[in-house]
Amino acid sequence: MPSANPLSKIIVLASVLAAGFLLIILSCALFNNWLPLLVVGVFLIAPLPNAICERYSNNDDFMSEGSGNAVVDFGRYITGFFVVTGLALPVALAHSRVIGLPAMIMSIAGGLLVYGTIITFTLFFSETEEF
């Protein structure tokens, strides 16, 4: 099975990202309430703690290969916190009747598409070190 061209991967990811942003913007514009736009910010900063903690973790120690790394675990915890916040924010806004149910559904779907695109991009184009 041949691997896909990197350009085609980028085109697919860009179209999925555009669809996610479209859903979030439509959830704001159709119902004339711009609070669901906060989801974009939360999902854009969600992968940052994971990336920063991966960068500053000590991977040079050959003796601790099997044990967990506290810095990486902390980054994953904060990233999980941001993802749950991005999913719970539209639900909390809909529960308090600030936004409607269709806006909540569109905002959650768009946020998941945006976050999924960011994660897929990092998985497709991350370089692994091999010795």
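Conventions we followed
- Residues numbered from 1 in each chain as written.
- Predicted model: local features only at pLDDT ≥ 70, side-chain atom pairs only at ≥ 80, totals over all residues.
- Heavy atoms only, no water.
- Helix = DSSP H or I, 4+ residues; strand = E, 2+ residues; numbered from the N terminus.
- Buried < 20%, exposed > 50% of the residue type's maximum accessible area, 1.4 Å probe, protein only.
- Areas by Shrake-Rupley, 256 points an atom, 1.4 Å probe, with all protein chains shown as cover.
- Phe/Tyr/Trp six-rings, centres within 6.5 Å; stacked < 30°, edge-to-face > 60°.
- Expected span 1.5 Å × (residues − 1).
- Bend = angle between axes of the 7 residues up to and from the residue.
- Contact = heavy atoms within 4.5 Å.

Explain the overall build of the chain to me, and be specific about the residues and the numbers.
Within the chain one finds five helices and zero strands. Along the chain, from the amino end to the carboxyl end, the secondary structure elements read α-α-α-α-α. Sorting the 131 residues of the chain into buried and exposed places 27% on the buried side. Carbon and sulfur atoms form 69% of the exposed surface of the chain, whose accessible area is close to 9,000 Å².

Could you give me a rundown of the packing of aromatic side chains, with the residues and numbers involved?
Tallying each qualifying case throughout the model produces four aromatic pairs. Where Phe 43 meets Tyr 115, the ring centres are 5.9 Å apart and the plane angle is 40 degrees; that geometry is what we call tilted. On the criterion of sequence distance, the pair formed by Phe 43 in helix 2 (residues 38–45) and Tyr 115 in helix 5 (residues 101–124) is long-range, its members being 72 residues apart. Take Phe 43: its relative accessible area is 0%, and that puts it in the buried class. Arranged with centres 4.9 Å apart and planes meeting at 50 degrees, the rings of Phe 121 and Phe 125 form a pair that is tilted. Judged by its relative accessible area of 41%, Phe 121 falls in the partly exposed class.

Tell me about helix 4 (residues 70–95), and please be specific about residues and values.
Because each turn of an α-helix spans 3.6 residues, side chains separated by three or four positions in sequence point in the same direction. Look at helix 4: 36 Å from first C-alpha to last across 26 residues, which is about the 38 Å you get at 1.5 Å a residue. Along its length, helix 4 reaches its greatest deviation from straightness, about 30 degrees, at Ala 88, and the proline Pro 90 lies no more than four positions downstream. Here helix 4 has its buried residues at Val 72, Gly 75, Thr 79, Val 83, Gly 86, Pro 90, Leu 93 and Ala 94. If you follow the buried residues of helix 4, they end up packed against helix 2, helix 3 (47–56) and helix 5. Of the residues flanking the end of helix 4, it is Arg 97, one or two places downstream, whose phi is positive at about 60 degrees.

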